[in-house]
Amino acid sequence: MTTTSAAVDDLLLPVPDEDGAPFWEYAARGELRVQACASCGRLRFPPRPCCPHCQSFDSEWRPMSGRGRIWSYVRPHPPLLPAYAAQAPYNVILVELADAPHIRLAGNLVTSADAPLNSVDPARLRIGARVQVVFTRTGGVSVPRWVLEKP
Amino acid sequence: MAATLKDATAVVGIGQTAFAKRLPESEKELACRAVLAALADAGIAPSEVDAFSSYTMEETDEVEVAKAIGAGDVTFFSKIGYGGGGSCATVGHLAAAVATGQASVGVAWRSRKRGSGPRPWKNTAVQLPTPGQWTRPFGLLRPADEIGMLARRYMHEYGATRDHLFNVAMACRNRANENPAAMMYERPLTREMYMTSRMISDPLCLFDNCLETDGALACVIVSAERARDCRHKPVYVHSVAQGLPAQHHGMVNYWNDDPLSGPAWTAARHLWKHADFGPQDVDVAQIYDAFTPLIPLSLEGYGFCGRGEGAAFTEGGALEMGGRLPINTGGGGLSEAYVHGFNLINEGVKQLRGISTAQVPDAATCLVTAGEGVPTSAILLRS
Ligand SMILES: [Zn+2]
């Protein structure tokens, strides 16, 4: 379970598309924001050019509280890409946002922003557990990660 | 012109190559061998073939196959997207083409060297596709990870257990043990082997995953009228459907209002609406099984039981021979071969011809489904 920093730096980085770019720009500022329709106000994820409810092309990015609950999780084991295999088994969680329960973000439950993907004792993984977003700076990009509200 | 596809066409020929972890032939050669075997089985000359359908992921295209086998002028060809979700739609597209007079002899096929070919997660230089920006950086890398996430939630919500998933793996393995062509012929599985096997993406273990296989399959579709003059008893294409639900997100259906209600539900509504019978009348089913949890999810989607009841449905030998719904009687993707589900189509035809290695007595109706979790397709076959 020892993790070299070199291996962590080799984790895949997000490749944003035009619709997703603002999410990562806000993340770089430590903000968790979700796209919303500027016309009918409904939140949508993943981001896309128009609103499936009212077909408006006007959108805005609404700040979230950063709180949520674990909706589900997996623990990948090898064969995996080397940087992930080095930390396996780690967790991937799906977080249902407190502000928008139908928006579920994939992420990792960690003990602190810069801790490895396998830093949380698997016994603490539980569907329904309350989590809070933190941001990890890696490879020049900020990615959201999650810590337990009650560590 | 037929106003409906119902029983307007039939599968009259099936063909396959050997299945193995490693085969010496190229994908193109395997494709040609399977197509020629299916035509020989039908008793139809290659020069009569005028329609082709396969998957977008098929790397042997119709130009190559048509040229190699000596097909005539081709007037219809189509490719279906979404990997294993495309299997049954290949038959559906050909049925539509033949029923509407766009072609007369259609061939569907899938050739794949996944057993000896590359695996994306072993490739360090992998390009990250843009939809992957929401999942890949977090280490949700493989289909097993993506489905494992839904499986864990399903288990949590409905009390499904690893024993239920084992029931699925066991039913497929038991059938493969009876099928000399299956990769898992004469290789029994036990509960202990299952429970102590290594995890791939917890809660999914090794035996919850399909096989990596080299091999190819094909089938031949003609009009019901012509089918009566063919060598074998026709297997009619009774109803066909594709399914891409509203707000669907592929294997990571996490942003759908209801992630546990997948494409099967959409395909099923159309499939049953255009059929003369319902789930209770299905004698045997071939249900896409890239991963064991897809079976309970599909049993619910196609209406064999209620929402949340799919795991319990597997209890008491329900999926075994003589059970409530024998499934994947050749061994399925879990234990016969994983060729993006095409073996399930051919196995359905074998059941209705009465020649399966695990024959359901007097089987007259068979449901075949394509990959659940991605935009999917399904066919109802009847004899
Ligand atoms: Zn709107």
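Residues numbered from 1 in each chain as written. Chains lettered and ligands numbered in written order. Predicted model: local features only at pLDDT ≥ 70, side-chain atom pairs only at ≥ 80, totals over all residues. Heavy atoms only, no water.

Caption draft 1: Summary view of the packing of aromatic side chains. For the structure shown, the criterion picks out 14 aromatic pairs over all chains. With a centroid separation of 4.8 Å and an interplanar angle of 70°, the aromatic rings of Phe45 of chain A and Trp134 of chain B are classed as edge-to-face. Taken together, the residues span two chains, with Phe45 of chain A in the loop between β1 (33-37) and β2 (59-63) and Trp134 of chain B in the loop between β4 (106-113) and α4 (143-158). Judged by relative accessible area, which is 5%, Phe45 of chain A ranks as buried. By relative accessible area, which is 7% here, Trp134 of chain B ends up buried. Between Phe166 of chain B and Tyr194 of chain B the ring centres are 5.3 Å apart and the planes differ by 55°, which places this aromatic pair in the tilted class. (Phe/Tyr/Trp six-rings, centres within 6.5 Å; stacked < 30°, edge-to-face > 60°. Helix = DSSP H or I, 4+ residues; strand = E, 2+ residues; numbered from the N terminus. Buried < 20%, exposed > 50% of the residue type's maximum accessible area, 1.4 Å probe, protein only.)

Caption draft 2: Seen up close, the packing of helix α1 (residues 27-42) of chain B against helix α2 (residues 62-69) of chain B. Residues and elements named next belong to chain B. Relative to each other, α1 and α2 sit at 60°, their axes nearing to 10 Å. Taken together, the axis directions place α1 and α2 in an arrangement best described as oblique. Here α1 runs over α2; the crossing is right-handed. Along the contact surface, α1 presents Lys28, Ala31, Cys32, Val35, Leu36 and Leu39, while α2 presents Glu64, Val65, Ala68 and Ile69. (Axes fitted to C-alpha atoms, helices over the stretch in contact; angles between N-to-C directions. Parallel < 35°, antiparallel > 145°, perpendicular 65-115°, else oblique. Left-handed = near helix turned anticlockwise from the far one by under 90°. Contact = heavy atoms within 4.5 Å.)

Caption draft 3: Spotlight on the coordination of the zinc ion. All names here are of chain A. The protein atoms that coordinate the zinc ion are Cys37 (SG), Cys40 (SG), Cys51 (SG) and Cys54 (SG), at distances of 2.3 to 2.4 Å. Between the four donor atoms coordinating the zinc ion, the angles at the centre fall across 99 to 118°, so the site counts as tetrahedral. Sequence spacing of the donors to the zinc ion: C-x2-C-x10-C-x2-C. Highlighted residues: Cys37 in strand β1 and Cys51 in the loop between β1 and β2, separated in sequence by 14 residues. Each member of the pair, Cys37 together with Cys51, is buried. (Donors = N, O, S within 2.8 Å, 3.2 Å for Na, K, Ca; no water. Tetrahedral: all angles 85-135°; square planar, octahedral: opposite > 155°, others 65-115°.)

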